[in-house]
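# Coordinate inspection notes
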Amino acid sequence: MKLWAGRFQKETDSAVNDFNSSIAFDARMYRQDITGSIAHATMLGEQGIIEAHEAEKIIEGLKAILVDIEEGNVEFTVDMEDIHMNIESLLTSRIGQTGKRLHTARSRNDQVAVDFRMYVREEIQDIIKIILDFETILVKKAKAHVSTLLPGYTHLQRAQPSTLGHHLMAYANMLKRDVTRLEDCLERMNECPLGAGALATTTYPIDRTRTAELLGFSKPTDNSLDSVSDRDFAIEFLCACSILMMHLSRFAEEIILWCSWEFKYVELDDAYSTGSSIMPQKKNPDVAELVRGKTGRVYGSLITLLTVMKGIPLAYNKDMQEDKECVFDAIDTVKMCLPVFAAMIDTMNVKPENMRRSAMDGCFINATDCADYLVKKGLPFREAYMVVGKLVHTCIEKGEKLDTLSLEEFQEVSDCFHEDIYQALYMNNCVNGRKAIGGPARTEVNRQIAAIEAFVAERT
Ligand code: ARG
């Protein structure tokens, strides 16, 4: 029998029963539901709202149910609609009348709000750990490649010299922001909605501060209507996941380019690539492509929940049951993508000679350095820019590079050029001269690496 059967004369239509039920997906919150109920029962007992021995019996019953669920000995039923009523009715079937006292001074509305928050809270902590592991891999890889020359691109055109270490640390900084974004979200959501009741709290002398404390929240939420209506925490979480996936997706895109024959900057480990069913020569970057593809899925979850929430009046509406699947799917997706992607980066074989060749290959990525050389000799930058533009044009016509021009050819366009121009154009000097904060110089990338290492160390 339904826990709410009292005012009904008919059984629920069986299609409605299935339609209405959320047990198929909210069963995964069983632990949070039991933890929340234990805190609630503890508080009810302490406040004398139920007898102390009743509270104890309820808590024992809930603990036993937890063990049985974890051992796979409990079957939930759609007839009991969701995880909350499944567990409550199971409790009553096991401990009898006392079980019926658990739902005193509580509604499923504050119950689901607290369970869902606790679930997301744990997952955020898990995801942060996985991101930090990835950071460690990036740092290790960057350390090995602080001097590995790599062209930096704008518009996918070779632009200025950089290094692979510098490039990897760019992603390390994005992931650092993803961590702090999740931490911010965690801090903001860490207020306990339990005790808000259906929407207007209760007349029982409950102690919301106590349940908040028992469940590890910083404090109770401040307004009961808001407490049961709010899913901002889940939206914010999905937003942080979407930005994280956007970062992974950009990285994935670069890896896909880099392992094409056109680039050949990296070769993925055999264990992290796949073959073709028809073309025997193929080695495909499926992992990177899937990460790029799954990004769309996480964005979808964000849009789903924003749209579910946009038009519903206060307080709880059944629409809000649609909050969970999208969040769970995003969690599963992010937790699946991160470690595989990180391991793919960890094991990929870098081809420094190909990166270097691209940097050196007559694509003039030291043209800015050539202009800067003239500026250091006293020319205004705009003039220097024009001079070097002409030189580049000459080079293209003659099939030369800047550093293969003779001193006479240099001096034809400007008498500021001297023998030391060759030093200025030397690619390693171009990189290591860029030692402004954030730059690709070896010393500067080492500082960036140390900063990320410290960030990770503070959290592990
Ligand atoms: N299964 C419901 C959900 O996930 C629980 C809350 C139900 N509350 C209600 N008043 N029907 O949203």
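Provided above is the structure to which this section pertains.
Okay, so let's go over this structure.

## Here's the deal with the overall build of the chain
Of regular secondary structure, the chain possesses 19 helices and six strands. Taking 23 Å as the expected radius of gyration for a compact globule of 460 residues, we find that the chain reaches 30 Å, considerably beyond that expectation. Oriented by its inertia axes, the alpha-carbon framework of the chain measures out at about 100 × 55 × 40 Å. Of the roughly 22100 Å² of accessible surface on the chain, a fraction of 52% belongs to carbon and sulfur atoms. In the chain, which carries 52 positive and 69 negative side-chain charges, the distance between the mean positions of the two groups comes to 2 Å.

## Some thoughts on empty space enclosed by the protein
All told, the structure shown has one cavity of 30 Å³ or more when counted by the stated rule. Forming the boundary of the largest cavity are Ala 359, Met 360, Gly 362, Cys 363, Phe 364, Ile 365, Asn 366, Lys 401, Leu 402, Asp 403 and Met 427. For the lining of the largest cavity, the per-class residue count stands at seven nonpolar, two polar and two charged.

## So, the packing of helix 10 (residues 232-258) against helix 11 (residues 286-309)
Closest axis-to-axis distance for the helix 10/helix 11 pair is 8 Å, and the angle between their directions is 160 degrees. When the axes of helix 10 and helix 11 are compared, the pair comes out roughly antiparallel. Like other packed secondary-structure pairs, helix 10 and helix 11 cross with a definite hand, here left-handed. Looking at the contact of helix 10 with helix 11 residue by residue, the classes come out as 19 nonpolar, four polar and four charged.

## Regarding the site of the ligand
Surrounding the ligand, one finds Ser 22, Asp 26, Asp 82, His 84, Arg 108, Asn 109, Val 112, Tyr 316, Gln 321 and Lys 324. Measuring from a nitrogen atom of the ligand, one finds a side-chain N or O atom of Arg 108 at 3.5 Å. Within the side chain of Lys 324, an N or O atom sits 2.7 Å from an oxygen atom of the ligand. When residues in the shell around the ligand are grouped by element, the largest group, three residues, is from helix 6 (residues 108-144). Considering only residue class, the shell around the ligand consists of two nonpolar, four polar and four charged.

## A word on unusual backbone geometry
Omega for the bond connecting Leu 314 with Ala 315 falls within 30 degrees of zero, at 0 degrees, which places this linkage in the cis form. With phi around 65 degrees, Glu 81 is a residue other than glycine that occupies positive phi space. In this structure, Glu 81 sits in the loop between helix 4 (52-70) and helix 5 (83-95).

## A few points about the packing of aromatic side chains
The final tally for this structure, using the stated rule, is 14 aromatic pairs. Between Tyr 171 and Phe 251, the ring centres sit 3.9 Å apart and the planes meet at 5 degrees, which makes this aromatic pair stacked. Highlighted residues: Tyr 171 in helix 7 (residues 164-189) and Phe 251 in helix 10, separated in sequence by 80 residues. Each member of the pair, Tyr 171 as well as Phe 251, is classed as buried. Ring geometry for Trp 258 and Tyr 265: centres 5.9 Å apart, planes at 55 degrees, overall tilted. Tyr 265 shares its class with Trp 258; the two are buried. The ring of Phe 217 carries Arg 121 above its face, with NZ or CZ at 4.3 Å from the centroid. Here Arg 382 stacks its cationic end above the ring of Tyr 385, 5.1 Å away from the centre of that ring.

## Brief notes about a nonpolar patch on the surface
Taken together, the side chains of Val 375, Phe 381, Tyr 385 and Met 386 make up a nonpolar region of the molecular surface, amounting to roughly 380 Å² of accessible area. With respect to the helices and strands, the residue Tyr 385 is situated in helix 15 (residues 381-398). Residue Tyr 385 is classed as partly exposed on the basis of its relative accessible area of 47%.

## Considerations on the environment of Ala 198
As for its position among the elements, Ala 198 is in the loop between strand 3 (191-192) and helix 8 (208-214). For the pair formed by Ala 198 and Ser 227, sequence separation is 29 residues and the distance between their alpha carbons is 9.8 Å. Excluding residues within four positions of it along the chain, Ala 198 makes contact with Ser 107, Asn 109 and Val 228.

## A few points about the nonpolar core
Membership of the largest hydrophobic core comes to 103 residues, with the highest contact counts inside it found for Phe 134, Phe 237, Val 327 and Phe 341. When sequence neighbours within four positions are dropped, the list of residues in contact with Phe 237 reads Val 120, Ile 124, Ile 127, Leu 182, Cys 185, Val 327 and Ile 331. The next biggest cluster of nonpolar side chains, apart from the first, holds 21 residues, and it includes Ala 367, Tyr 373, Ala 384 and Val 387.

## Structural notes on the pattern of salt bridges
By the definition in use, this model includes 30 salt bridges. Residues joined in a network through salt bridges with shared partners are Glu 81, Asp 82, Arg 108 and Lys 318.

## With respect to helix 3 (residues 30-46)
Taking 1.5 Å per residue, 17 residues should reach 24 Å; helix 3 reaches 24 Å between its end C-alpha atoms and fits that length. Across the 17 residues that make up helix 3, a large majority, 13, are buried. Just downstream of helix 3 lies Gly 48, where phi reads positive at about 70 degrees.

## Description of the state of the cysteines
All told, the structure shown has zero disulfides when counted by the stated rule. Cys 241 provides the cysteine sulfur closest to Cys 326, a residue in no disulfide bond, and the two sulfurs are 11 Å apart. Cys 363 takes part in no disulfide bond, and the closest cysteine sulfur to it belongs to Cys 430, at a distance of 11 Å.

What counts as what
Residues numbered from 1 in each chain as written. Predicted model: local features only at pLDDT ≥ 70, side-chain atom pairs only at ≥ 80, totals over all residues. Heavy atoms only, no water. Helix = DSSP H or I, 4+ residues; strand = E, 2+ residues; numbered from the N terminus. Rg over C-alpha atoms; globule rule 2.2 N^0.38 Å. Areas by Shrake-Rupley, 256 points an atom, 1.4 Å probe, with all protein chains shown as cover. Lys, Arg positive; Asp, Glu negative; His and termini not counted. Charge placed at Lys NZ, Arg CZ, Asp CG, Glu CD. 1 Å grid on protein atoms, 1.4 Å probe; cavity = no way out; pocket = protein on both sides within 12 Å on 5 of 7 lines; lining within 4 Å. Points joined across faces, edges and corners; volume = space filled by probe spheres on them. Nonpolar A, V, L, I, M, F, W, Y, C, P; charged D, E, K, R; others polar. Axes fitted to C-alpha atoms, helices over the stretch in contact; angles between N-to-C directions. Parallel < 35°, antiparallel > 145°, perpendicular 65-115°, else oblique. Left-handed = near helix turned anticlockwise from the far one by under 90°. Near = heavy atom within 4 Å. Polar contact = N/O pair within 3.5 Å; in protein donor to acceptor, adjacent residues only side chain to side chain. Phe/Tyr/Trp six-rings, centres within 6.5 Å; stacked < 30°, edge-to-face > 60°. Buried < 20%, exposed > 50% of the residue type's maximum accessible area, 1.4 Å probe, protein only. Lys NZ or Arg CZ within 6 Å of the ring centre and 35° of its normal. Patch = residues over 30% accessible without salt bridge, like charges linked within 9 Å, V, L, I, M, F, W, Y side chains within 5 Å. Salt bridge = Lys/Arg side-chain N within 4 Å of Asp/Glu carboxyl O. Contact = heavy atoms within 4.5 Å. Core = buried A, V, L, I, M, F, W, Y, C linked by side-chain atoms within 4.5 Å. Expected span 1.5 Å × (residues − 1). Disulfide = S-S within 2.5 Å.

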